[in-house]
Amino acid sequence: MTTTHTRAPSAETKAPRRSALLQRDWSLLAQRLGALGIILALWQAAVLTGLLPSITPTVPEVTLGLWTAVTSTSFWTALGQTLSAATAGWIISCVLGVFLGLLIGPLRWLDRSTSVTVEFGRAFPTIALMPVILLLLGATTSMQITMVVLSALWPVLVQSILGARRLDPGIADTVRIYRIPRLLWFRRVLLPSALPFVTTGVRIAASISILAAVGIEVLTQVPGIGRMITLAQEAQRWDLAFAYLFFAGLFGWTVTALLARAESSLLAWNRQASG
Amino acid sequence: MTAPQSIHTGSLDVLGGEVLLDVSHVSMGYGDGEHEKRILEDLNLKVGHSEFVSIVGPSGVGKTTLLRGLSGLLPPKRGTVSVAGQTITGPHPDIAAVFQDYSRSLMPWMTTRENVAFPLQGQGVGRRERNRRAEESLEEVGLSGQGDKYPWEMSGGMQQRVAIARALAYHAKVLLMDEPFASVDAQTRFDLEDLVVNLREALGVTIVLVTHDVDEAIYLADRVIVIAEKPATVVDVIETGFGTVRDQVDTKADPRFQDARGRILTRLRKA
Amino acid sequence: MKTLIRAGWTLWLPVLLVTIWWFASANSTNIYVPSLSRIVEVLWRDISSGLLIDAARVSLTNLAVGLLIAAAVGILLGLLIGETRRLRLILDPYIHFFRSVPQSALVPLIIGAMGIGAAPKIYTVAFACVWPILLNTIDGVRGVEPTIRSVSRVFGVPKLLYFRRVVLPGAMPQVVAGLRVALPIGIVVMVVSELFASNQGLGFYILNSSATFQIPETWGGALMVGVIGYIIVIMFSLFERRVLSWYFRSGAL
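Residues numbered from 1 in each chain as written. Chains lettered and ligands numbered in written order. Predicted model: local features only at pLDDT ≥ 70, side-chain atom pairs only at ≥ 80, totals over all residues. Heavy atoms only, no water.

### Some remarks on the sheet that holds strand E5 (residues 78-83) of chain B
Residues and elements named next belong to chain B.
- Taken in spatial order, the 4 strands make up an open sheet running E3-E2-E5-E6, and their pairing is antiparallel. With partners counted over all chains shown, the strands left at the sheet margins are strand E3 (37-48) and strand E6 (86-87), one partner each.
- Here E5 pairs with E6 via 2 bridges, running antiparallel. Bridged to Ser82 within E6 is Thr87.
- In the packing of helix H1 (residues 63-71) onto the sheet, the strands contacted are strand E2 (19-30), E3 and E5, and the crossing angle to E2 comes to about 125°. (Pairing = 2+ DSSP bridges. Helix = DSSP H or I, 4+ residues; strand = E, 2+ residues; numbered from the N terminus. Contact = heavy atoms within 4.5 Å. Axes fitted to C-alpha atoms, helices over the stretch in contact; angles between N-to-C directions.)

### What about the sheet that holds strand E8 (residues 174-178) of chain B?
Residues and elements named next belong to chain B.
- Taken together, 7 strands build an open sheet; the order of strands is E1-E11-E10-E4-E9-E8-E7 and the sheet is mixed. Sheet topology places strand E1 (8-9) and strand E7 (95-98) at the edges, where each strand pairs with a single neighbour.
- Relative to strand E9 (residues 206-211), strand E4 (residues 52-56) runs parallel, the two being bridged by 5 bridges. Bridging from a neighbouring strand, Phe52 pairs with Ile207 of E9.
- In the packing of helix H5 (residues 156-169) onto the sheet, the strands contacted are E7 and E8, and the crossing angle to E7 comes to about 180°.

### Regarding the domain arrangement of chain B
All names here are of chain B.
- For chain B, the assigned domains are domain 1 (8-94 + 174-270) and domain 2 (108-171).
- Distance between the C-alpha centres of domain 1 and domain 2: 25 Å.
- Taken together, the contact pairs 14 residues of domain 1 with 10 residues of domain 2.
- Summing both partners gives a buried area of about 950 Å² for domain 1 against domain 2, and 75% of it is carried by carbon and sulfur.
- Three residues stand out in domain 1 for area buried against domain 2, namely Leu192, Leu195 and Leu199, and they jointly supply 38% of the buried area on that side.
- Our count for the domain 1 to domain 2 interface comes out at 0 salt bridges. (Domains from an automatic or database assignment. Buried area = accessible area lost by both parts, 1.4 Å probe. Salt bridge = Lys/Arg side-chain N within 4 Å of Asp/Glu carboxyl O.)

### What to know about the environment of Lys252(B)
Residues and elements named next belong to chain B.
- Relative to the elements of secondary structure, Lys252 occurs in helix H8 (residues 250-253).
- For the pair Lys252 and Ser71, spaced 181 residues apart in sequence, the C-alpha separation works out to 30 Å.
- The residues contacting Lys252, other than those within four sequence positions of it, are Phe190, Glu193, Tyr219, Asp247, Phe257 and Gln258.
- Engagement of the side chain of Lys252 in a polar contact is seen with the side chain of Gln248, the distance being 2.8 Å. (Polar contact = N/O pair within 3.5 Å; in protein donor to acceptor, adjacent residues only side chain to side chain.)

### Details of the pattern of salt bridges
Residues and elements named next belong to chain B.
- Applying the stated rule across the entire model yields 28 salt bridges over all chains.
- When the shortest N-O distance is used, the salt bridge between Glu135 and Arg113 registers 3.0 Å. Separated by 22 residues along the polypeptide, Glu135 in helix H4 (residues 127-140) and Arg113 in helix H3 (residues 112-122) bring together distant segments of the chain.
- The class for Glu135 is partly exposed, based on a relative accessible area of 24%.
- Note that Asp222 and Arg200 form a salt bridge whose closest N and O atoms lie 2.7 Å from each other. Taken together, the residues span a long stretch of sequence, with Asp222 in the loop between helix H7 (214-220) and strand E10 (223-228) and Arg200 in helix H6 (residues 186-203) at a distance of 22 residues.
- Asp222 sits in the buried class, given a relative accessible area of 19%.
- Here Arg200 falls in the buried class, since its relative accessible area comes to 5%.
- Three or more residues are tied together by salt bridges with common partners; here these are Arg189, Glu193, Asp213 and Glu216. (Buried < 20%, exposed > 50% of the residue type's maximum accessible area, 1.4 Å probe, protein only.)

### Considering the domain arrangement of chain A
- Domain boundaries in chain A define domain 1 (12-49) and domain 2 (70-274).
- Computed from C-alpha atoms alone, the centre-to-centre distance between domain 1 of chain A and domain 2 of chain A is 32 Å.

### Describing the interface of chain C and chain A
- Contact residues are listed per partner, giving 51 residues for chain C and 51 residues for chain A.
- Buried surface at the junction of chain C and chain A, summed over both partners, amounts to about 4400 Å²; 80% is from carbon and sulfur atoms.
- Here chain C is connected to chain A by 0 salt bridges.
- Remark: the boundary between chain C and chain A carries 7 residue pairs in polar contact (both at pLDDT 80 or more).
- Of all the elements in the fold, those that place two or more residues in the side of chain C that touches chain A are helix H1 (2-24), helix H4 (85-100), helix H5 (106-114), helix H8 (159-196) and helix H10 (215-243) of chain C.

### A few points about unusual backbone geometry
All names here are of chain B.
- For Asp42, which is not a glycine, the phi torsion comes out positive at approximately 45°.
- For Asp42, the position within the fold is in strand E3.
- Here His171, not a glycine, exhibits a phi torsion of approximately 55°, which is positive.
- Turning to its location among the elements, His171 is positioned in the loop between H5 and E8.
- Judged by relative accessible area, His171 falls into the partly exposed class, the value being 48%.

Shown next as structure tokens:
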């Protein structure tokens, strides 16, 4: 891997640039911190002047709330519960969506037959089914996972179908000429070819999984970080409620960042080949 | 030795020896019944062992369709294609192919070696053996030691060498080539042409090449089949009589080359 | 004839699924799974009495106002931040952070703080939807051809005209993409906020039905929301095709 002249800007060329940026740009960091200070000051001012509802906690209160949250076991338990439900639903969605999508995408008759159904499923706001699913399954973790799957399945499915559809005709001919067996074709040709699209679906599904898992907790008795927020709000512990919200955001941000990183290393070939 | 300095009108049959590829009364087309669009009408052609046959015709005459028929990708409307006495009903282990769009037939997520070894993996060849054969084939096309590169790290000419290596590693008896050198620059094209000539001599593979480039067809082939008209039919067959060795300068200066060239171009202009 | 065959190919599966549901649920003894015919019956009853129409009007108004606020704020801030490199660098991590907050978690906070009326629902929708619009607008502004930029500068195009006639149209494909992302989020947040606490709207209809054990109504309300959501998304993609026809035709896709 010594030829670099044909490469588009990639992770490798980006890394040194980023560290250069860090060295050069202490001022950026300072400005970012400054901006944070301004945001917090504005918030504090808004609370004190009554621009925000009077129950809104002040900055010191939320800071204290953050500390209370991190040091309490119930917070970590709740985070774990949300995380495991979201992850379980996400994994099921991914496996199911990729499998079905790669099955449907290459077969034109199946693709055409399922298009309306898939479109409907994707556009359907699944959360509306929650009361019905709640009646059927009760406020349980399996209900929560079901809801997560019903919400997160669609982006993976749609993206996998798109990915499988675009298999290059040249490659399709090659695979036929050399009589590649079905299973090997699936694993070594169709899957990698569809991967750039699949990963996008997987990434969207991850955000939706968290959104759905937290939403279910907010609306029902299912335990987790969403439930903690509702409970804190009901108990008028606004400092804690904001702290939990902050961690929910941090959690979502971490997941997105990790997935984006995994994706760019998994798809190095794609960036090179098309760039 | 004084070679006969004139070209012969060839035959659609083999001169002597065994028939390897037998194309019998093949018609190709799309659609059915009244809506049928006939592309190719009643082609008969026999190709012998280690023979190099070019099929030349103007763009859009249906050469690619013909090649898809020979490779088993598209079943003929009528007639049969058989290889080594066996009628083919689809892609066949004795037939390999190299397409025009090399960049689209190589898989960008596989290294060069994996690309070459992939058909063998499909035949259940073990990892060591298929890597050995892949390395061997890469060496034959002049890419030894390049197995760890990805296709997109290579030039167009090198990518096409990889596609040829993949066909060689498959150990097929017949190698079909569809405009294999159409997307590379002139110098690379000459290099690849000579590579194919040398491979034919060294390995004794049988090659059927489809092209719209008259010079290339004559330069490479023992027999040139000229197809034209709609639906396409054979309008001329020429035997070049160059033997197995070629030279980009000498062969192309040979009066037989010039004769054949003039004859084919005149014939195609009429069509 | 050909279109008929095509319609057959695309529609047989949905028709089959609904038929199966219809007959499989016809003699359902599970009180939580009413027959489809019963669901359709109560849906029709409540639509023709105007009950569901009113509820839908309330919900959709909240959604539309929330989205409009989000679009206005998101696009304006996006143009500003996108054009100012420094500002973009400084604010980037914060925008991404707010974008990552699971929007449904906002519901108890905003409704808890502001009460049960329409305003908190509109704010929740607006807050949830503003981030994808903002992020996409910033990306769109950044993507405007540098040549077009310098041409505008050379000709001394006034700042306001420059924003309105150069940057905004150039960023439009991305802005619309942001709206497309924001729309389903808005619908979900609208439903969650109404299911959380409300006294009118589609979510209230569902919530109220389930609380009073009117199971067919619960199912009917859920289906109604789903179908409305589906129609909105489909209509949006038609709108997108129209607004961005130059973009699709230029083959920039």
